[in-house]
Amino acid sequence: MATVLVDAENVRRSLWPNMRGEELVERSTAWGEHEGHDVQVVWEGSESGDDQIARLVKELEPPVWVVTSDRGLRERVRDYAERTIGGGSFARELRNN
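What you see is a predicted model; the values in this text were computed from it and never measured.

Conventions we followed
Residues numbered from 1 in each chain as written. Predicted model: local features only at pLDDT ≥ 70, side-chain atom pairs only at ≥ 80, totals over all residues. Heavy atoms only, no water. Helix = DSSP H or I, 4+ residues; strand = E, 2+ residues; numbered from the N terminus. Rg over C-alpha atoms; globule rule 2.2 N^0.38 Å. Buried < 20%, exposed > 50% of the residue type's maximum accessible area, 1.4 Å probe, protein only. Contact = heavy atoms within 4.5 Å. Pairing = 2+ DSSP bridges. Axes fitted to C-alpha atoms, helices over the stretch in contact; angles between N-to-C directions.

**Student:** Run through the overall build of the protein, naming residues and quoting values.
**Tutor:** Broken down by element type, the protein carries 5 helices and 4 strands. The helix and strand sequence of the protein, counted from the amino end, reads β-α-α-β-α-β-α-β-α. The C-alpha atoms of the protein give a radius of gyration of 12 Å, which matches the 13 Å a tight globule of 97 residues would have. In terms of its C-alpha atoms, the protein occupies a principal-axis envelope of roughly 30 × 25 × 20 Å. Residues counted as buried form 43% of the 97 residues belonging to the protein. Long-range contacts, defined here as pairs at least 24 residues apart, represent 56% of the contacts in the protein between residues at least 6 apart.

Structure, rendered in structure tokens:
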């Protein structure tokens, strides 16, 4: 089982029409349950979503996957994430299931 960190704004905006936040959370949670992964949808807060993900990927027990299309974030997590998944690919998979 992997912990899957989802870059919320990046993923929800990767499709047109944009995915609503609630839809992203519901579909991501269902995907995680089906695939056997712990999904954490990361939103902007007191720190940016990117900063939260870059911090969490170092703090969490491996394996950790990151879902984002943000090239800068992919570079920041490259040495820590077991796998990175493109935001658009993930969003399309969520919508198709």
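**Student:** Can you explain the sheet that holds strand β4 (residues 83-85)? Please cite residues and give values.
**Tutor:** Read across the sheet, 4 strands follow the order β2-β1-β3-β4 without closing on themselves; strand pairing throughout is parallel. The open sheet has two edge strands with one neighbour each: β2 (38-42) and β4. Each neighbouring strand pair of the sheet contributes to a mean axis angle of 20°, computed without reference to strand direction. Pairing between strand β1 (residues 3-7) and β2: 5 bridges, direction parallel. Looking at the pairing, Thr3 lines up with Asp38 of β2.

All quantities given are derived from atomic positions and should not be read as evidence of function.
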